[in-house]
There are 2 protein chains.
Amino acid sequence: MSARPAARDSQRFFRSRWVSQPQGVEELEPARLAPGYRAAGVPCGLKAGGETDLGLLDCRAEEVSSALLLTRNASAAAPVRVCRERCEGSSIRAVVVNSGNANAATGEQGFRDALEMRDCAARALDFDPAAVAVAETGVIGVALDIASVRAGVEAAAGSLSESGGEAFSDAIRTTDRWPKRCTVRQGGVTLSAQAKGAGMIEPGFATLLCFVQTDAEVADPEAELRRAVAGSFERITVDGQMSTNDTVLLQASGEAGAPLPDGLLDAVLLQLALEVVADGEGATRVGRVEVSGAASTEEADRVARAIGNSPLVKTALYGRDPNWGRVAQAAGMALAGQQLAELGPGEIDAADLASEAPEVELSVRLDRGEAAGHVFFCDLTHDYVTLNAEYTT
Amino acid sequence: MSARPAARDSQRFFRSRWVSQPQGVEELEPARLAPGYRAAGVPCGLKAGGETDLGLLDCRAEEVSSALLLTRNASAAAPVRVCRERCEGSSIRAVVVNSGNANAATGEQGFRDALEMRDCAARALDFDPAAVAVAETGVIGVALDIASVRAGVEAAAGSLSESGGEAFSDAIRTTDRWPKRCTVRQGGVTLSAQAKGAGMIEPGFATLLCFVQTDAEVADPEAELRRAVAGSFERITVDGQMSTNDTVLLQASGEAGAPLPDGLLDAVLLQLALEVVADGEGATRVGRVEVSGAASTEEADRVARAIGNSPLVKTALYGRDPNWGRVAQAAGMALAGQQLAELGPGEIDAADLASEAPEVELSVRLDRGEAAGHVFFCDLTHDYVTLNAEYTT
């Protein structure tokens, strides 16, 4: 078994074999945000070690087109409910986030605290509260220390900067082994993004947060974001567990006077999504499973997810074991009760599992139709068990 | 973390806190089968170490009422397809089984081999082939050594004995840490049973096999078996993976002239099912999650399964971590997109997770209706990862 991958900061941003680098794209320093945006990250005392744990990001433009996608988990955290009920998702100018307390399963007080955190940020920026989104990640079932948050929001508002991208992405990090962020330029527009991954959070939830800023003109940000998320964050699985706090925000000021080049948002979100998988709890490498010949897209997706979520396939990825039988079993489970020609080495290519590559390909060819689909997943390792079993409340 | 539980052979059979011992039931020596049945187990060379790997069991009565339940996995193994297509499930007199080769993903030759194994047993016993079931478990994707099987069937047929229960249950064992078998007597009838568990098989599949023999009169064995399986084997999960080879057989000769006492089959199968979970790969203990207040039985079951299959809950069971937040997250995922009152410590009782008990209880109270359901599951441990990752093809 290989050791954990080292932090990847020094590498270029577009580096996965599965991401087509957009033509002519320029990678800028990720601290520098897209023009018109400012951000800050400060420590406010929620994380016991004194790390940066409160982030604030705003857009100077008064008219911002935005889209806000939130978890569908029925146990959604307070900030998700505040976003859903009290924010205007299509015109978000700012977001305030903490990475010390998920404010989940905290009852009505939790809702009031998330609202107060949001309102604090709106007051400090002099923005309409409905134009400010709130996101939180961290410990669950513990009341938010709202006094610390208030002080943190004030401090962050006082240190907003156009080169605050790094501090902001540090402020959304929990157990992530490396930061996930970029600033890229193509076709006269700039796009910056910060994400945090499916590292687990003491003591409970994997949360995905992703914030994207651009000066491009985006006519229908919700449609753009949904499409890009469908091809990226919705195609990944670490442990099959849907979080209570997942939040993805796209903001577009339009000030560059040019549209987003085709494929740029998709490529950025796919690279970020792949980093979230690669940085999954205890993960040492990433697999991509492609299912073809399915009767429908839904079926291809269901089979691919069954394979990507199978602990047997995930341990085979860890163990460099080209065990196509486990793939056949998981596919057969996803198609239980249906007609399926036998799957063997002729239909399943699992040879890449035996390689030492950090990104490996699996494929399954069904004979049920013409539809295809894929999922990205990480391996299941001893570190996953250690990280999740050795914490004791 | 506690060590693996020791082999449990010396204990009484009905020992789980979740099994109500049938009144007046007598536990007999498990080698001794129900009257009228004979069995044998021999080594035929499929297992490299020379262990017992071929079992044969028959019933002297010419008229046997039986029921045969088979996996719904669409990648079903050859013996499952032989049982489905070439056996008369309601009048099975004998079963032949090997535990060295699953004969799965072996194509048309695999089907012919499973058929030949079955026919061999029928010839040796002078039975109608359709009255002989066949089951296999072990390595997958490897052609069955049918010559060895033929010799093994001959040898087993020559050593059939009324006290062959232990040898037979040894012959169905793969990585099981202890044998799962019993012979019990109640209300003038005897019932013997042998099961093998969800220990993983080199190099691939978890398989459940269970054989039950009785001299009781059972008017509708399929209905009896389906009901008992629904409350036992269908309520357990080790890793959420449906096998390609699962087979459960009930045979009733009626020679005792008395019916099966109410609840006896249910109690036996539930105890065996709990042993399969307790002996799950790498497992150190078993949890039972009870979901109440659901809108429907299907919903209660779905929520209970989401909790029992969550790697976060399974590692919390391993780590003695009473982490109710992970339970809330899994329940919320199962109810994604629906209305759910917030789940907190008032609705989720996870305190038992912190105990050192081998069998722990979790409960979740929803507010959506009156339906309830439960699932039994085991913990996710370092040994699970080791067992499944360290094999290399």
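Just so you know, these numbers come straight off a predicted model, no measurement behind them.

Right, let's get into the relation of the copies chain A and chain B. In the superposition of chain A on chain B (RMSD 0.0 Å, axial shift 0.0 Å), the rotation amounts to 180 degrees. Read as a symmetry element, the transformation amounts to a two-fold axis. Proximity to the rotation axis, assessed at the C-alpha, singles out A:H382 in chain A; its C-alpha lies 2.8 Å from the axis. Same-surface contact between copies: 100% of interface residues of chain A are shared with the interface of chain B.

Residue and element names in this part refer to chain B. Interhelical geometry of helix 1 (residues 78-86) versus helix 2 (residues 107-125) gives an angle of 65 degrees and a closest axis separation of 8 Å. As helix 1 runs across helix 2, the sense of the crossing is right-handed. Judged by residue contacts, A78, P79, R81, V82, E85 and R86 of helix 1 engage G107, E108, G110, F111, A114, L115 and R118 from helix 2.

Now for the sheet that holds strand 1 (residues 26-28) of chain B. All names here are of chain B. If you walk across this open sheet you meet the six strands as 1-7-8-9-11-4, and the pairing is mixed. Single-partner strands in this sheet number two, and they are strand 1 and strand 4 (65-70). Put simply, the sheet's adjacent strands are angled 15 degrees from each other on average, direction ignored. Where strand 9 (residues 209-214) and strand 11 (residues 247-252) come together, six bridges link them in parallel fashion.

All names here are of chain A. In this fold, A133 is placed in strand 6 (residues 132-136). Take A133: its relative accessible area is 1%, and that puts it in the buried class. Each C-alpha atom, one on A133 and one on A171, is 16 Å from the other, the two residues being 38 residues apart in sequence. Setting aside residues no more than four positions away along its own chain, A133 makes contact with L68, C83, C87, I92, A94, V95 and V96.

Every α-helical turn comprises 3.6 residues, leaving residues that sit three or four positions apart pointing alike. For helix 6 (residues 264-278) of chain A, which comprises 15 residues, the first-to-last C-alpha distance of 21 Å matches the rise-based estimate of 21 Å (1.5 Å per residue) to within 8%. A large share of helix 6 of chain A lies buried, amounting to 14 of its 15 residues.

The subject of this paragraph is the side chain of A:S99. All names here are of chain A. Here S99 shows up in the loop between strand 5 (94-98) and helix 2 (107-125). On the accessibility criterion, S99 (3% relative accessible area) is buried. Engagement of the side chain of S99 in a polar contact is seen with the side chain of K47, the distance being 3.0 Å. Polar side-chain contacts of S99 include one of 3.5 Å to the backbone oxygen of R173. Every residue in contact with S99, bar those within four places of it in the chain, is listed here: K47, T52, D53, T137, G138, A171, I172, R173 and T174.

Here is what the cut-offs are and how they apply
- Residues numbered from 1 in each chain as written.
- Chains lettered and ligands numbered in written order.
- Predicted model: local features only at pLDDT ≥ 70, side-chain atom pairs only at ≥ 80, totals over all residues.
- Heavy atoms only, no water.
- Least-squares fit on C-alpha atoms with pLDDT ≥ 70 in both.
- Contact = heavy atoms within 4.5 Å.
- Axes fitted to C-alpha atoms, helices over the stretch in contact; angles between N-to-C directions.
- Helix = DSSP H or I, 4+ residues; strand = E, 2+ residues; numbered from the N terminus.
- Left-handed = near helix turned anticlockwise from the far one by under 90°.
- Pairing = 2+ DSSP bridges.
- Buried < 20%, exposed > 50% of the residue type's maximum accessible area, 1.4 Å probe, protein only.
- Expected span 1.5 Å × (residues − 1).
- Polar contact = N/O pair within 3.5 Å; in protein donor to acceptor, adjacent residues only side chain to side chain.

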